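Architecture and fold: a report
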Amino acid sequence: MSLDQIKQRITRAVEAVAPPAAGIKTPPELIAVSKVQPDERVRAVLAQGHRCFGENRVQEAAQKWPHFRAEFSGIDLHLLGPLQSNKARQAMQLFDVIHSLDRPKLAAALARLAQELGQCPKLFIQVNTGSEPQKAGILNADCDAFIADCRALDLPIIGLMCIPPAEEEAGAHFQLLADMAARNGLLGLSMGMSADFELAIAHGATHIRVGSAIFGNRVPAAKQSPA
Ligand SMILES: *Cc1c(COP(=O)(O)O)cnc(C)c1O
């Protein structure tokens with residue numbers, strides 16, 4: 001699907017939530033998820049003027065994005081995948097936004113590095129809304145306390161992120177995340193992927209993460225070992 005077609009679907013989804021007559025509602029940020037996509041597909045989307053991209057792995061992003069940044073200005077790069085503490089420094093230098101702050105140890109590492117580097121990417125806290133053992137993220141019951149701890153560390157938390165369980169109705173998870181963000185005074189909601197971004201918009205997503213719908217299918221899953 002073309003970038004323009006995706007944008008039309010976003011516009012329609014936003015209008016469905018807040019009809020134009022009801023006033024302007026800003027569309028969510030469209031993060032084009034370029035992990036494991038060949039460079040020429042990424043360059044084609046850059047050439048259309050898109051500047052907001054997401055990657056899953058620090059190593060892959062470090063190989064890909066410095067040369068795109070030399071070629072195109074204004075790139076906004078988002079880390080979506082799990083971050084190991086020993087890659088935190090590199091991630092902080094490479095990414096504008098990190099969506100995967102998922103544990104106290106990482107919060108402590110980021111806070112230390114923020115002091116040292118004098119800067120910090122904007123941060124989303126990843127919430128494991130389905131309490132899935134194989135998935136990263138703070139458990140729902142721990143979320144309010146973790147947000148408070150991160151704020152005490154002076155971390156620039158802008159919102160919450162989730163990846164709903166594949167076999168459950170995503171809307172309930174999106175709403176849970178929206179409620180958690182609202183009661184903690186957080187405005188950012190990173191939720192919705194190719195299969196469900198319109199539903200996420202209906203629940204108030206501010207950042208949608210769309211990969212295959214823009215770029216086409218990724219290489220076989222066997223090649224995508226975790227970071
Ligand atoms: C890969 C990925 C996406 C994009 O998935 P699509 O289904 O291709 O849109 C979004 N968010 C995260 C965290 C991902 O890892």
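Looking now at the overall build of the protein. Each helix and strand counted, the protein has nine helices and eight strands in total. Radius of gyration (C-alpha) of the protein: 17 Å, near the 17 Å computed for a compact globule of 227 residues. Expressed along its principal axes, the backbone C-alpha trace of the protein runs to roughly 40 × 40 × 35 Å. Here the protein holds 227 residues, and the buried ones make up 47% of them. Within the protein, residue pairs in contact and separated by at least 24 positions form 60% of the contacts whose partners lie at least 6 positions apart. When the accessible surface of the protein is totalled, it reaches about 10,700 Å², and 54% of it is carbon and sulfur. Averaging the positions of the 23 positive and the 23 negative side-chain charges in the protein gives two centres separated by 5 Å.

A separate point is the site of the ligand. Within the structure, the ligand sits among 13 residues, and K35, S194, G211, S212 and R218 are positioned closest to it. Between the ligand and G211, the relevant distance is 2.8 Å, taken from an oxygen atom to a main-chain nitrogen or oxygen of the residue. Between an oxygen atom of the ligand and a side-chain N or O atom of R218, the distance comes to 2.7 Å. If the ligand stood free it would expose 390 Å²; the protein chains cover 90% of that surface.

Overall, the coordinates contain two aromatic pairs when judged by the stated rule. Their ring planes at 40 degrees and their centres at 4.9 Å tell us that F53 and W65 sit as a pair that is tilted. A residue pair is termed long-range when its members are at least 10 positions apart, and F53 in strand β2 (residues 52-55) and W65 in helix α3 (residues 58-71) qualify at twelve residues. Arranged with centres 5.0 Å apart and planes meeting at 55 degrees, the rings of W65 and F68 form a pair that is tilted. Remark: F68 and W65 occur in helix α3; sequence separation between them is three residues, near one turn of the helix. Taking the relative accessible area as the measure of exposure, W65 reaches 0% and is therefore buried. By the ring-pair criterion, three or more aromatic residues cluster together here, those being F53, W65 and F68.

The next subject is the state of the cysteines. Overall, the coordinates contain zero disulfides when judged by the stated rule. C52 takes part in no disulfide bond, and the closest cysteine sulfur to it belongs to C120, at a distance of 17 Å. Exposure remark for C52: the relative accessible area of 4% places this residue in the buried category. Between C143, a free cysteine, and C150, which holds the nearest cysteine sulfur, the sulfur-to-sulfur gap is 9.2 Å. Judged by its relative accessible area of 0%, C143 is buried.

Cut-offs and rules
- Residues numbered from 1 in each chain as written.
- Predicted model: local features only at pLDDT ≥ 70, side-chain atom pairs only at ≥ 80, totals over all residues.
- Heavy atoms only, no water.
- Helix = DSSP H or I, 4+ residues; strand = E, 2+ residues; numbered from the N terminus.
- Rg over C-alpha atoms; globule rule 2.2 N^0.38 Å.
- Buried < 20%, exposed > 50% of the residue type's maximum accessible area, 1.4 Å probe, protein only.
- Contact = heavy atoms within 4.5 Å.
- Areas by Shrake-Rupley, 256 points an atom, 1.4 Å probe, with all protein chains shown as cover.
- Lys, Arg positive; Asp, Glu negative; His and termini not counted.
- Charge placed at Lys NZ, Arg CZ, Asp CG, Glu CD.
- Near = heavy atom within 4 Å.
- Polar contact = N/O pair within 3.5 Å; in protein donor to acceptor, adjacent residues only side chain to side chain.
- Phe/Tyr/Trp six-rings, centres within 6.5 Å; stacked < 30°, edge-to-face > 60°.
- Disulfide = S-S within 2.5 Å.

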